[in-house]
Amino acid sequence: MIELKGKPVADSVFTEITNQLTLFTEKKWAMPHLVVVLVGENPASEVYVSHKEKACQKLNFKSTLVKLPETATESDVRQTLEKLNQDQSVDAVLLQLPLPAHLDSKKLTEVIYPNKDADGLTQASLGALMAGQQKVASCTSAGIIKMLEFYNINVVNKKVVVVGRSLIVGLPLFHLLLQKNATVTLCHSKTENIKQVLQDADVAFVAIGKPNFFKATDFKKGATVIDVGIHRLPEGLCGDVNPESAAGHLSAMTPVPGGVGPMTIAMLMKNTMTLALENRIG
Ligand code: GUN
């Protein structure tokens, strides 16, 4: 079984961005500028945000963290985002999710201008994706497509199954795979026969957010499995798929940690670069 590691793919994305940055130096443009808005004190979010800042430093991007208290109102977050929309020095804005329970993440994400939408999560960005006209797509789903390209996993006319329909992974991934000419089935929490559907899948993408929910033999023999889940259990990190007995059953699988994880940050940098370039050359 081949282990599909994210690090070499993420490194290749960083190299691509570094090459694009030479144009910024040549033209004496301001470096791409990403602003992350973090509301409250979710420990996992704080870790993600620090990774994002480190990635910006590594590339010499400008990075700003706007921290709002747990008690911030909808109007506080809205005003913060509107100010960033108007700020010409800002290329990309990311509203870190999840938000505290009293805030509506869909409504607030929608405040971000589509041309600054680092996550591709506004309705305009999602609509563009459905029409095959997206500038950026959600970082994790775009990162998974990069992994397929890097490891030469061809999905044209393959039966692929996505498990999970979140706006941040499952749904954008469904559209990106369709754009790659895969035959895509999307399963979700109300699908009754997921394991039966999986028995038919050449490539399966699992993003349901439940630790060790699937076992290797739930998939077809020789399938490729992309595990998007990441969970912190007392015994360590694990994904949505239990890798036990995967070696003799699957052709390829992403490890957790070290599989899809590193791609999310790399693609956030790539999306920031894409929006910064759009901003400068239109
Ligand atoms: N929380 C965990 N992952 C993500 C992501 O990719 N984008 C946003 N906005 N929040 C997240």
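What this report covers is the structure whose coordinates are included nearby. The shown structure was predicted, so the numbers you read here are calculated from the model rather than taken from an experiment.

Notes on the overall build of the protein
Okay, so step 1: Looking only at helices and strands, the protein features nine helices and 13 strands.
Okay, so step 2: Computed over its C-alpha atoms, the radius of gyration of the protein comes to 19 Å, within 12% of the 19 Å expected for a compact globule of 282 residues.
Okay, so step 3: Counting only C-alpha atoms, the protein reaches 55 × 45 × 40 Å along its principal axes.
Okay, so step 4: By sequence separation, contacts in the protein at least 24 residues apart represent 73% of the contacts at least 6 residues apart.
Okay, so step 5: For the protein, the computed accessible surface area is about 13600 Å², with 54% contributed by carbon and sulfur atoms.
Okay, so step 6: Computed over 29 positive and 27 negative side-chain charges, the inter-centroid distance for the protein is 4 Å.

A short note on the side chain of His249
Okay, so step 1: Along the polypeptide, His249 turns up in the loop between strand 12 (241–242) and strand 13 (252–253).
Okay, so step 2: Judged by relative accessible area, which is 15%, His249 ranks as buried.
Okay, so step 3: Sequence-distant contacts of His249, defined by excluding residues within four places in its chain, comprise Ala216, Thr217, Phe219, Lys220, Lys221, Gly222 and Ala223.

Overview of the site of the ligand
Okay, so step 1: Neighbouring the ligand are the residues Tyr48, Leu94, Leu95, Gln96, Leu97, Asp119 and Ile168.
Okay, so step 2: Contact distances for the ligand include 2.9 Å between a nitrogen atom and a backbone N or O atom of Leu95.
Okay, so step 3: One of the backbone nitrogen or oxygen atoms of Leu97 is found 2.8 Å away from a nitrogen atom of the ligand.
Okay, so step 4: Contact with the protein chains removes 84% of the 280 Å² of surface that the ligand exposes when unbound.
Okay, so step 5: Among the residues forming the shell around the ligand, the class breakdown is five nonpolar, one polar and one charged.

Some thoughts on the pattern of salt bridges
Okay, so step 1: Applying the stated criterion across every chain yields a total of 13 salt bridges.
Okay, so step 2: Put simply, Glu3 and Lys5 hold a salt bridge, and the shortest N to O gap is 3.2 Å.
Okay, so step 3: Look at Glu3 and you get partly exposed, because its relative accessible area is 40%.
Okay, so step 4: The exposure class assigned to Lys5 is partly exposed, which follows from its relative accessible area of 42%.
Okay, so step 5: Overlapping salt bridges bring together Glu16, Lys146 and Lys270 as one network.

Things to note about the packing of aromatic side chains
Okay, so step 1: The full count for this structure, using the stated rule, is four aromatic pairs.
Okay, so step 2: Seen in terms of ring centroids, Phe150 and Tyr151 are 5.0 Å apart; in terms of plane orientation they differ by 75°. Their pairing is edge-to-face.
Okay, so step 3: Classification of Tyr151 by relative accessible area gives partly exposed; the value is 23%.
Okay, so step 4: Ring-pair connections join several aromatic residues into one group, and the members of that group are Phe213, Phe214 and Phe219.
Okay, so step 5: Lying over the aromatic face of Phe14, Lys58 brings its terminal NZ or CZ to 4.2 Å of the ring centre.
Okay, so step 6: Its guanidinium or amino end placed over the ring of Phe213, Lys195 lies 6.0 Å from that ring's centre, counting from NZ or CZ.

Looking at the sheet that holds strand 3 (residues 62–68)
Okay, so step 1: What the three strands build is an open sheet, ordered 3-2-4; its pairing is parallel. Two strands in the sheet have a free side with no partner beyond their single neighbour: strand 3 and strand 4 (92–95). The sheet shows a mean angle of 15° between the axes of neighbouring strands, direction not considered.
Okay, so step 2: Relative to strand 4, strand 2 (residues 33–39) is paired through four bridges, and the arrangement is parallel. Looking across to strand 4, one finds that Val36 is bridged to Leu94.
Okay, so step 3: Most of the contacts of helix 3 (residues 74–86) go to strand 2, to which it runs at about 175°, and overall it touches strand 2, strand 3 and strand 4.

What about the environment of Lys135?
Okay, so step 1: By the secondary structure assignment, Lys135 is in the loop between helix 5 (123–130) and helix 6 (139–150).
Okay, so step 2: Owing to a relative accessible area of 55%, Lys135 belongs among the exposed residues under this scheme.
Okay, so step 3: Lys135 sits 102 residues away from Leu237 along the chain, and the two C-alpha atoms are 33 Å apart.
Okay, so step 4: Apart from residues no more than four positions distant in its own chain, Lys135 is found in contact with Thr274 and Glu278.

Thoughts on helix 6
Okay, so step 1: Between its first and last C-alpha, helix 6 extends 16 Å over 12 residues, near the 16 Å set by a 1.5 Å rise per residue.
Okay, so step 2: For helix 6, the secondary structure elements touched by its buried residues are helix 1 (7–26), helix 7 (170–179), strand 7 (203–206), strand 9 (224–227) and helix 9 (261–281).
Okay, so step 3: Positive phi appears at Asn152, one or two residues downstream of helix 6, with a value of about 50°.

Criteria and cut-off values
Residues numbered from 1 in each chain as written. Predicted model: local features only at pLDDT ≥ 70, side-chain atom pairs only at ≥ 80, totals over all residues. Heavy atoms only, no water. Helix = DSSP H or I, 4+ residues; strand = E, 2+ residues; numbered from the N terminus. Rg over C-alpha atoms; globule rule 2.2 N^0.38 Å. Contact = heavy atoms within 4.5 Å. Areas by Shrake-Rupley, 256 points an atom, 1.4 Å probe, with all protein chains shown as cover. Lys, Arg positive; Asp, Glu negative; His and termini not counted. Charge placed at Lys NZ, Arg CZ, Asp CG, Glu CD. Buried < 20%, exposed > 50% of the residue type's maximum accessible area, 1.4 Å probe, protein only. Near = heavy atom within 4 Å. Polar contact = N/O pair within 3.5 Å; in protein donor to acceptor, adjacent residues only side chain to side chain. Nonpolar A, V, L, I, M, F, W, Y, C, P; charged D, E, K, R; others polar. Salt bridge = Lys/Arg side-chain N within 4 Å of Asp/Glu carboxyl O. Phe/Tyr/Trp six-rings, centres within 6.5 Å; stacked < 30°, edge-to-face > 60°. Lys NZ or Arg CZ within 6 Å of the ring centre and 35° of its normal. Pairing = 2+ DSSP bridges. Axes fitted to C-alpha atoms, helices over the stretch in contact; angles between N-to-C directions. Expected span 1.5 Å × (residues − 1).

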